[in-house]
Amino acid sequence: MVESSNLELDKSLNLLAKTSVIVFIGVMLSKLFTYVYKIIIARSFDPEVYGLFNFALMIVSILAALAAFGMPDGLLRFVSYDRKNKNMGRSKYLFSISSKLTFVISIILGIILYLFAEIISINIFNKPGLIIYLKVFSLALPFLSITSILLSILRAFEKITTYTIVQNILQNLIRLIIIIIFLIAGFGVASILFSYLIGVILIAIISYFVSKKCLKMLQDSNNINNKAKKSLRKEFFDYSWPIVFLGIIGSLLYWSDSFVIGYYMSASDIGFYNVAFTLVGLLGIAPELFMQLFLPLVVKEYAKKRLNLIQEISKQVAKWILIINVPILVIMIIYPGVIINILFGADYLSAEMPLRILSFGSMFAAIFISLSNNLLSMKGKSKLLLINTLFIAVFNFILNIFLVPKYGLNGAAFATMISWFLFGFILLCQVKFYLNIVPIRRKMLTIILIGFVSTGVIFIIEDIIPLNLIGLALAGISFLLVYIVLILLFKGLDRNDKRVFDSIKIKMMGS
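1. Notes on the overall build of the protein chain
Here is step 1: Scanning the protein chain from N- to C-terminus turns up 21 helices and zero strands.
Here is step 2: Per-residue burial over the protein chain gives 55% buried out of 511 residues.
Here is step 3: Counted over contacts in the protein chain with a minimum sequence separation of 6, partners at least 24 positions apart contribute 84%.
Here is step 4: Of the roughly 22500 Å² of accessible surface on the protein chain, 69% is carried by carbon and sulfur atoms.

2. Focus on the side chain of K315
Here is step 1: As for its placement among the helices and strands, K315 is situated in helix 14 (residues 307-334).
Here is step 2: Although K315 lies buried, it forms no salt bridge, and the closest oppositely charged side chain, E312, sits 4.4 Å away as judged by the N-O distance.
Here is step 3: Apart from the residues within four sequence positions on either side, K315 is in contact with V438, P439, I440 and R441.

3. Structural notes on unusual backbone geometry
The general pattern is negative phi for most residues beyond glycine and trans for most peptide bonds.
Here is step 1: The residue N126 is not glycine, and still its phi comes out positive at about 55 degrees.
Here is step 2: Looking at where N126 falls in the secondary structure, it is placed in the loop between helix 5 (117-124) and helix 6 (130-138).
Here is step 3: Judged by its relative accessible area of 62%, N126 is exposed.
Here is step 4: Positive phi values are uncommon outside glycine, yet N436 reaches one of about 55 degrees.
Here is step 5: Turning to its location among the elements, N436 is positioned in the loop between helix 17 (382-435) and helix 18 (443-454).

4. Side note on the packing of helix 14 against helix 18
Here is step 1: Running from N to C, helix 14 and helix 18 point in directions that differ by 15 degrees, and their axes come no closer than 10 Å. It follows that helix 14 is roughly parallel to helix 18 by the angle criterion. Of the two elements, helix 14 crosses helix 18, and the hand of that crossing is right-handed. For the pair helix 14 and helix 18, the contacting residues are A318, K319, L322, I323, V326 and V330 in the first and K443, M444, I447, I448 and G451 in the second.
Here is step 2: The residue makeup of the contact of helix 14 with helix 18, split by class, is eight nonpolar, one polar and two charged.

5. A closer look at the packing of helix 8 (residues 160-184) against helix 9 (residues 190-210)
Helix packing for two helices is described by the angle between their axes and how far apart those axes are.
Here is step 1: Direction vectors running N to C along helix 8 and helix 9 enclose 150 degrees, while the axes themselves pass 8 Å from each other. By the angle between their axes, helix 8 is roughly antiparallel relative to helix 9. Handedness of the helix 8/helix 9 crossing: right-handed.
Here is step 2: Split by residue class, the contact of helix 8 with helix 9 holds 16 nonpolar, six polar and one charged.

6. Some remarks on the nonpolar core
Here is step 1: Judged by nonpolar contacts, the single largest core of 131 residues is most densely connected at I59, Y133 and F137.
Here is step 2: Here this core gets 15 residues from one element, more than from any other, and that element is helix 17.
Here is step 3: When sequence neighbours within four positions are dropped, the list of residues in contact with Y133 reads V49, L52, F53, A56, V189, I192 and L193.
Here is step 4: Counting residues in each nonpolar core, the second largest holds 28 residues, with Y93, I153, L154 and L232 among its members.

7. Some remarks on the packing of aromatic side chains
Here is step 1: For the coordinates displayed, the defined rule picks out 23 aromatic pairs.
Here is step 2: In textbook terms, an aromatic cluster arises when at least three aromatic residues are bridged by ring pairs, as seen for Y37, F53, Y133, F137 and Y196.
Here is step 3: Lying over the aromatic face of Y114, K135 brings its terminal NZ or CZ to 5.2 Å of the ring centre.
Here is step 4: We note R155 situated over the ring of Y163; from NZ or CZ to the ring centre the distance is 5.9 Å.

8. Some details on the environment of I261
Here is step 1: With respect to the helices and strands, the residue I261 is situated in helix 11 (residues 226-264).
Here is step 2: When residues no more than four places from it in sequence are discounted, the contact partners of I261 are S266, D269, I270, Y273, V404, L409 and A412.

9. Digging into the layout of surface pockets
Here is step 1: A volume near 450 Å³ is recorded for the second largest pocket.
Here is step 2: Taken together, 20 residues make up the lining of the second largest pocket; nearest its centre are L322, L329, M363, I448 and F452.
Here is step 3: Mapped onto the lining of the second largest pocket, the elements with two or more residues apiece are helix 14, helix 16 (352-378) and helix 18.
Here is step 4: Class assignment for the residues of the lining of the second largest pocket results in 17 nonpolar, two polar and one charged.

10. Notes on the environment of I323
Here is step 1: Relative to the assigned elements, I323 resides in helix 14.
Here is step 2: Spatially, the C-alpha atom of I323 lies 8.4 Å from that of I448, the residues being 125 residues apart in sequence.
Here is step 3: Once residues within four sequence positions are removed from consideration, I323 is found in contact with I447, Y483, I487 and L493.

11. A word on the pattern of salt bridges
Here is step 1: In total, this model carries one salt bridge according to the counting rule given.
Here is step 2: Of the charged contacts in the structure, one is a salt bridge between K135 and E118, with a shortest N-O distance of 3.9 Å. Of the two residues, K135 sits in helix 6 while E118 sits in helix 5, which places them 17 residues apart along the sequence.
Here is step 3: Since its relative accessible area comes to 23%, K135 is described here as partly exposed.

12. Comments concerning the environment of I149
Here is step 1: Structurally, the position occupied by I149 is in helix 7 (residues 141-156).
Here is step 2: Accessibility expressed as a relative area gives 0% for I149, which makes it buried.
Here is step 3: When the C-alpha atoms of I149 and A204 are compared, they prove to be 10.0 Å apart, with 55 residues separating the residues in sequence.
Here is step 4: Once residues within four sequence positions are removed from consideration, I149 is found in contact with M71, P72, L75, F95, S98, S99 and T102.

13. Some words on helix 5
In an α-helix, one turn spans 3.6 residues, which is why side chains three or four residues apart end up on the same side.
Here is step 1: Of the residues making up helix 5, those classed as buried are A117, I120 and S121. For helix 5, the angular spread of the buried residues around the axis is 90 degrees, confining them to a single face.
Here is step 2: N126 sits one or two positions beyond helix 5 and adopts a positive phi of about 55 degrees.

Quick notes on the rules
Residues numbered from 1 in each chain as written. Predicted model: local features only at pLDDT ≥ 70, side-chain atom pairs only at ≥ 80, totals over all residues. Heavy atoms only, no water. Helix = DSSP H or I, 4+ residues; strand = E, 2+ residues; numbered from the N terminus. Buried < 20%, exposed > 50% of the residue type's maximum accessible area, 1.4 Å probe, protein only. Contact = heavy atoms within 4.5 Å. Areas by Shrake-Rupley, 256 points an atom, 1.4 Å probe, with all protein chains shown as cover. Lys, Arg positive; Asp, Glu negative; His and termini not counted. Salt bridge = Lys/Arg side-chain N within 4 Å of Asp/Glu carboxyl O. Axes fitted to C-alpha atoms, helices over the stretch in contact; angles between N-to-C directions. Parallel < 35°, antiparallel > 145°, perpendicular 65-115°, else oblique. Left-handed = near helix turned anticlockwise from the far one by under 90°. Nonpolar A, V, L, I, M, F, W, Y, C, P; charged D, E, K, R; others polar. Core = buried A, V, L, I, M, F, W, Y, C linked by side-chain atoms within 4.5 Å. Phe/Tyr/Trp six-rings, centres within 6.5 Å; stacked < 30°, edge-to-face > 60°. Lys NZ or Arg CZ within 6 Å of the ring centre and 35° of its normal. 1 Å grid on protein atoms, 1.4 Å probe; cavity = no way out; pocket = protein on both sides within 12 Å on 5 of 7 lines; lining within 4 Å. Points joined across faces, edges and corners; volume = space filled by probe spheres on them. Arc of directions from axis to C-beta.

As structure tokens, then:
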């Protein structure tokens with residue numbers, strides 16, 4: 001029995017690791033294209049334009065979450081479950097009502113945003129320059145909604161490679177190419193507007209064509225009777241409706257700093273802060289490598305009532321995220337100004353201290369919030385997730401209102417850091433209560449201590465080489481080498497890690 005459990009664990013971890021290699025390539029390219037895209041905007045225009053762009057994205061993101069009505073997440077869970085039980089007729093029906101309803105809601109919200117763009121921009125935020133962004137971005141809402149549905153189907157069918165190419169690579173590459181073309185053609189600020197809108201439309205079209213095979217599998221399924229449809233609708237929307245507000249509140253939690261900064265401070269300050277928020281997103285790469293397959297995988301194991309297996313998978317993934325993120329955290333804490341200056345320019349150095357503060361909170365969030373949210377979602381606790389996010393969003397918003405007027409950008413960063421710590425702690429307690437799972441390994445403490453010790457090499461190099469791009473690269477590479485050697489010496493890796501690495505090595509050599 002124990003041997004069988006170990007085999008299942010190895011199989012699941014191997015699948016996650018192999019998928020993460022594919023996702024890693026996609027995520028790295030995605031981040032590269034995203035950062036180049038934002039750097040082009042930041043360097044081609046002043047901080048006010050960069051701030052207005054991010055502020056418009058905030059408003060559209062909230063409306064897109066409302067238009068989705070929680071259905072992409074619902075589809076991901078239900079289709080993953082139905083594939084295990086071979087009852088795809090339910091999924092066929094759910095896809096039909098989800099796609100139609102989401103599309104209609106998004107059109108209505110797009111029209112409302114377009115008509116009220118001036119009132120929102122001038123009367124509420126006193127930023128006339130925001131009007132054109134809101135009007136153009138409102139046209140993207142229907143395409144954003146249908147893309148979210150199609151991509152959730154790809155994830156549910158575990159088409160992670162295709163999902164990664166579309167979501168991570170093509171989406172950002174298309175925007176980057178378009179903005180470069182339009183800037184060269186001399187379109188100015190319009191380049192930002194066109195690159196975003198055209199990019200969203202093209203990704204919606206691409207998503208449809210790459211998901212056609214999965215959609216055909218749904219269409220070939222048997223229909224279910226009217227009685228079953230009624231019961232299924234209730235079950236689906238009971239799960240999905242809290243995610244409507246979860247998505248909106250989640251967006252508010254993500255953007256509340258920018259919202260409060262935009263209200264009390266200038267559009268340029270929004271630009272400065274979003275540089276820090278963009279860079280701290282590097283700590284989100286590690287969870288993104290694993291989370292795209294993590295939920296479908298644990299849902300299938302949960303259907304088989306294999307909680308011990310789910311616990312082991314969760315612990316291993318948490319450790320992997322920590323190992324990847326420690327070097328990124330160290331560089332952000334020691335050299336925030338150098339990173340900002342190299343990428344965005346000296347005009348954005350006001351983001352130096354917010355980047356330091358946010359990096360601590362983001363590290364904690366990357367490990368525990370992402371994992372715990374997925375585990376509670378697996379359990380079907382969507383209403384609890386809503387309550388959690390609502391509480392933290394309100395808490396974060398109140399902290400921002402108190403701290404931003406007094407401490408500016410640093411106050412916003414501190415409010416978010418505290419909120420992320422509290423959120424992670426609450427989620428960990430709930431996962432322990434409902435699933436008796438604690439996604440923490442003792443070796444994680446060893447890895448943290450190794451990270452602290454390895455920073456010594458950075459200070460040695462800092463005394464020898466000036467802090468420029470070459471110096472930063474050399475310091476980072478030296479730190480990484482010492483970090484890896486110490487992890488191997490002090491046995492930071494375990495049996496599961498070694499088996500996964502061996503499996504990937506055999507796979508690569510075989511191909």
